[in-house]
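Below, each chain spelled out in residue letters.
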Amino acid sequence: MRLSSLLHKELIQFFRDPVVLFLIFWLYTIEVVICAYALGMEMRDLPLAVVDADESPASRRLIDDFVAGGNFRLVAHLRDVAAAEPYLERGEAQAVLVIPVAFERELQRGGGQALQFLADGSNANTAAVARGYALQTVEGFRMRQGTLDARQLAAVAPQLRTWYNPDQTNVSFTVLAMIALAGLMIGVVHPAASIVREKEVGTIEQLMVTPIRRGELFIAKTVPTLLIGLIALFPSLALVGWFGVPVRGSLPLFFALTALFLLSAIGLGVLVAAVSRTLQQALLLAFFGLFPLMFLSGTMVPVESMPNLLQQLSLASPLRHYLDITLSIFLKGAGMEILWPHALALALIGVPLYLTAWTIFRRR
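Here the structure is a predicted model, which is why all the values come from computation and not from measurement. (Residues numbered from 1 in each chain as written. Predicted model: local features only at pLDDT ≥ 70, side-chain atom pairs only at ≥ 80, totals over all residues. Heavy atoms only, no water.)

### Section: the overall build of the protein
The number of helices and strands found in the protein is 16 helices and four strands. Taken over the C-alpha trace, the protein has a radius of gyration of 27 Å; the compact-globule value for 364 residues is 21 Å, which it surpasses by more than 25%. Projecting the C-alpha coordinates of the protein onto the three principal axes gives extents of approximately 95 × 45 × 40 Å. Split into buried and exposed, the 364 residues of the protein put 43% on the buried side. Within the protein, counting contacts between residues at least 6 apart in sequence, those at least 24 apart form 78% of the total. Summed over all atoms, the accessible surface of the protein reaches about 19,700 Å², with 62% contributed by carbon and sulfur. (Helix = DSSP H or I, 4+ residues; strand = E, 2+ residues; numbered from the N terminus. Rg over C-alpha atoms; globule rule 2.2 N^0.38 Å. Buried < 20%, exposed > 50% of the residue type's maximum accessible area, 1.4 Å probe, protein only. Contact = heavy atoms within 4.5 Å. Areas by Shrake-Rupley, 256 points an atom, 1.4 Å probe, with all protein chains shown as cover.)

### Description of the pattern of salt bridges
A full pass over the atoms with the stated rule returns one salt bridge. Of the charged contacts in the structure, one is a salt bridge between Arg-90 and Glu-92, with a shortest N-O distance of 2.9 Å. Under the relative-accessibility criterion, Glu-92 is labelled partly exposed at 37%. (Salt bridge = Lys/Arg side-chain N within 4 Å of Asp/Glu carboxyl O.)

### Overview of the environment of Val-75
Following the sequence through the fold, Val-75 ends up in strand E2 (residues 72-78). A relative accessible area of 32% places Val-75 in the partly exposed class. Each C-alpha atom, one on Val-75 and one on Ala-259, is 51 Å from the other, the two residues being 184 residues apart in sequence. Apart from residues no more than four positions distant in its own chain, Val-75 is found in contact with Pro-47, Leu-48, Ala-49, Glu-92 and Ala-93.

### Description of the side chain of Thr-225
With respect to the helices and strands, the residue Thr-225 is situated in helix H10 (residues 214-231). Relative accessible area serves as the criterion here: at 1%, Thr-225 is assigned to the buried category. Residues in contact with Thr-225, not counting those within four places in the same chain, are Ile-186, Gly-187, His-190, Pro-191 and Ile-266.

### Remarks on the UniProt feature "transmembrane region" (unreviewed entry) in the protein
Taken from the UniProt record, the annotation "transmembrane region" (unreviewed entry) applies to residues 20-39, 173-196, 217-245, 251-275, 282-303 and 338-361. The span residues 217-245 is 86% helix and 0% strand, and its two end C-alpha atoms sit 40 Å from each other. (UniProt positions renumbered as here; feature names shortened; annotations may be inferred.)

### What about the domain arrangement of the protein?
Each assigned domain of the protein is listed here: domain 1 (1-39 + 169-363) and domain 2 (46-154). The gap between the C-alpha centroids of domain 1 and domain 2 is 47 Å. (Domains from an automatic or database assignment.)

### So, the pairing of E2
As defined by bridge partners, strand E1 (residues 46-52) adjoins E2 across six bridges and the pair is classed as parallel. In the sheet register, Leu-46 faces E2, and the bridge partner there is Phe-72. For the crossover that starts at E1, traverses helix H3 (residues 57-68) and ends in the parallel E2, the hand is right-handed. (Pairing = 2+ DSSP bridges. Right-handed = clockwise from strand over helix to strand, strands pointing away.)

### Points about the nonpolar core
Among the nonpolar cores identified, the biggest contains 70 residues, and Ile-24, Val-175, Leu-184, Leu-257 and Ile-329 are the most heavily contacted of them. No other element matches helix H8 (residues 171-201), which puts 16 residues into this core. Residue contacts for Val-175: discarding those within four places in its chain leaves Val-32, Ala-36, Val-240, Phe-243 and Val-245. (Core = buried A, V, L, I, M, F, W, Y, C linked by side-chain atoms within 4.5 Å.)

Right, here's the structure in full:
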């Protein structure tokens, strides 16, 4: 009876707080949409300037290939390479394609012909992606021109197949990663803010002198966050359908493992509240821990590209395991027989964190 009354009180407080409601709605919906459109790793309409010293049908076909794919947008035809430097300095072009004299003649003779591709390296990621697009375009052009011997083409005929994401777009990963990150942020910030707010207004002392047990108060402060985190997934699932992200696995399994993941986040939130005296301190401490967990999870850069020490440290991040679970369920259709190592890791991280938070909360 006492516990149900406390839970009822926490839910009433939650639904009467428009700021918290808007924050949760923002993180699970609007922020996901913004990130899905803004954080795509695919480059579109990259400004390209061209120096065509050959001005032949072959060189024009090559330029058309660069523009037709949508990765590059032609912004200028230049006389020579010297004229390209101001375009790169002013940022009016991110790359320059230089086609030499006698380009078509050398192609017809079957000889090698060098192309020059200049990329603005001030943004290393953009330059690397542009270089990859350029190599892919030139290789496709070369194959169509028949510069390879027919017997060589017959001897090596690779058939490339990309599983789980055949279009090789980054939208699915971004949408699912932002949903996972929203769960972590709500799981940490909401219980921390709820407990510290009780401290600031003095109602925590009033609750302590009532007949309720401290364990019941702890459950009342954490279980609503768990329920809210699960309910908030439903509008996110609508966005999953909006962006065409496949749902190949079991949604009940996804919700169950999400609840296990939220135990870790809630435990961190209570630990933050235990050492914070004001809401400002709680928020600063929460974000102090959130960013390392985010960076070590693989949401920003692949874990495999990190130094070995950081790869080992990333195993302690519950977000890394939850992100792997989310991607595997939605994109691969994986079941518990595949995901049990990640589920076990979440349990080994989340349950001790939750119990430690419970112990510290009861003592303080």
